[in-house]
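Report on the structure
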Amino acid sequence: SRRRHTRSASVSWARRCVQETGTWDCKLFQGMKILVVYSHPNPLSFSHAILETLITKLKELKHEVIVRDLYALKFNPVLSASDFESFQKGIAPSDIAEEQKYIAWCDITVFICPVWWGGLPAIIKGYVDRVYSHGFAYTSTPTGIKGLLEGKRALIIQPQGDTKEAYEKTMWPAMNLTSDFIIFEFCAVKVLDHIYFPSVPSVSLEARKEYLRQVEEIAKKLTQILTSSQSLCEYRRSGTSINKI
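Presented here is a report on the structure given in the accompanying data block. (Residues numbered from 1 in each chain as written. Predicted model: local features only at pLDDT ≥ 70, side-chain atom pairs only at ≥ 80, totals over all residues. Heavy atoms only, no water.)

**Notes on the environment of L212**
If you trace the backbone, L212 turns up in helix 8 (residues 205-226). In sequence terms L212 and L54 are 158 residues apart; their C-alpha atoms lie 8.4 Å from each other. (Helix = DSSP H or I, 4+ residues; strand = E, 2+ residues; numbered from the N terminus.)

Printed below as a string of structure tokens:
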């Protein structure tokens with residue numbers, strides 16, 4: 001299809017850049033199509049600071065960026081009986097079809113949202129429930145479930161209130177399992193990384209500035225990882241992550 005051809009062309013240009021120069025910073029690079037799904041009701045939140053920092057740097061690096069602010073859109077996260085009726089007829093409700101259009105368009109989806117109650121906020125989970133639907137994100141086959149979003153990538157960035165020490169041994173691995181693998185890899189999406197910024201309300205202003213500096217570095221490194229065939233599982237198995245490249 002035309003979409004797949006365009007995406008493969010942009011990736012091949014990026015691969016050529018990396019192969020020839022050893023860096024993503026190349027005049028040949030045409031940029032990637034990046035969808036940002038954002039969730040926080042407070043425009044003064046640190047989540048919003050992450051959003052602004054990321055999109056500013058991505059646009060500076062010539063990536064094409066679309067932001068879907070779920071609160072600003074008043075996105076309905078409730079999967080309803082009428083949704084199921086539409087899906088059974090092979091039709092996606094208009095608001096779901098709109099979001100699926102952006103997922104089909106992009107090379108990578110970046111989710112920015114806080115950690116609430118040890119997981120994704122309800123509006124993000126509802127977005128997944130409705131948008132990553134059967135027939136679009138996955139399907140049933142005689143041999144089992146098959147993901148339909150092969151070639152797509154995802155990155156999750158979540159600030160949180162609690163400390164690294166309280167979360168890194170149990171909560172982060174559990175959250176990585178329930179979101180990265182059970183949601184995205186289930187749909188054949190390669191998760192590049194799941195990045196947490198701990199203790200946001202209690203750390204110093206300088207520490208928060210350092211978090212935002214890391215967000216800028218993440219934007220710079222996206223192209224390098226997008227040209228790789230590795231997934232989150234392979235990155236973590238090798239002991240590296242997007243922040244360590």
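**Things to note about the pairing of strand 4 (residues 138-141)**
Sheet analysis places strand 4 next to strand 5 (residues 144-147), joined by four bridges and oriented antiparallel. Bridge pairing links T139 to K146 in strand 5. Between the end of strand 4 and the start of strand 5, which pair antiparallel, lie two residues. (Pairing = 2+ DSSP bridges.)

**Digging into the sheet that holds strand 2 (residues 64-69)**
As summarised here, the arrangement of the five strands in space is 2-1-3-6-7, forming an open sheet in which the pairing is parallel. The sheet terminates laterally at strand 2 and strand 7 (190-197), the two strands that pair on one side only. Adjacent strand axes in the sheet meet at a mean angle of 15 degrees when their direction is disregarded. (Axes fitted to C-alpha atoms, helices over the stretch in contact; angles between N-to-C directions.)

**Here we look at the packing of aromatic side chains**
In the structure shown here, the tally under the stated rule is nine aromatic pairs. Aromatic rings pair up to connect F75, F111, Y127, Y132 and F184 into one cluster. For the cation-ring pair, K101 lies above Y102, with the distance from its terminal atom to the ring centre recorded as 5.0 Å. (Phe/Tyr/Trp six-rings, centres within 6.5 Å; stacked < 30°, edge-to-face > 60°. Lys NZ or Arg CZ within 6 Å of the ring centre and 35° of its normal.)

**What about the packing of helix 4 (residues 94-105) against helix 5 (residues 122-131)?**
For the pair helix 4 and helix 5, the least separation of the axes is 10 Å and the interaxial angle reads 90 degrees. Judged by the angle between their axes, helix 4 and helix 5 are roughly perpendicular. Residues D95, I96, E99, Q100 and I103 of helix 4 pack against Y127, R130 and V131 of helix 5. Within the contact of helix 4 with helix 5, the residues separate by chemical class into four nonpolar, one polar and three charged. (Parallel < 35°, antiparallel > 145°, perpendicular 65-115°, else oblique. Contact = heavy atoms within 4.5 Å. Nonpolar A, V, L, I, M, F, W, Y, C, P; charged D, E, K, R; others polar.)

**As for the pattern of salt bridges**
Per the counting criterion, the structure on display carries nine salt bridges. R68 is paired through a salt bridge with E99; the nearest N and O atoms lie 2.7 Å apart. Here R68, found in strand 2, pairs with E99, found in helix 4; they are 31 residues apart in sequence, far enough to count as distant. Each member of the pair, R68 as well as E99, is classed as buried. Two residues, E210 and R213, come together in a salt bridge whose shortest N-O distance is 2.8 Å. With E210 and R213 both in helix 8 and three residues apart, the pair spans about one turn of that helix. (Salt bridge = Lys/Arg side-chain N within 4 Å of Asp/Glu carboxyl O. Buried < 20%, exposed > 50% of the residue type's maximum accessible area, 1.4 Å probe, protein only.)

**Side note on unusual backbone geometry**
Here K62, not a glycine, exhibits a phi torsion of approximately 75 degrees, which is positive. Following the sequence through the fold, K62 ends up in the loop between helix 2 (46-60) and strand 2. Judged by relative accessible area, which is 63%, K62 ranks as exposed.

**Quick notes on helix 7 (residues 171-184)**
Here helix 7 spans 18 Å end to end across 14 residues, near enough to the 20 Å set by a 1.5 Å rise per residue. Every buried residue of helix 7 is listed here: W172, M175, N176, S179, D180, I183 and F184. (Expected span 1.5 Å × (residues − 1).)

**A few points about the environment of G135**
Secondary-structure assignment places G135 in the loop between helix 5 and strand 4. Taking relative accessible area as the criterion, G135 reaches 54% and is therefore assigned exposed.

**Brief notes about helix 5**
Most of helix 5 sits inside the fold, with seven of its 10 residues counted as buried. For helix 5, the set of buried residues is I123, I124, G126, Y127, V128, R130 and V131.

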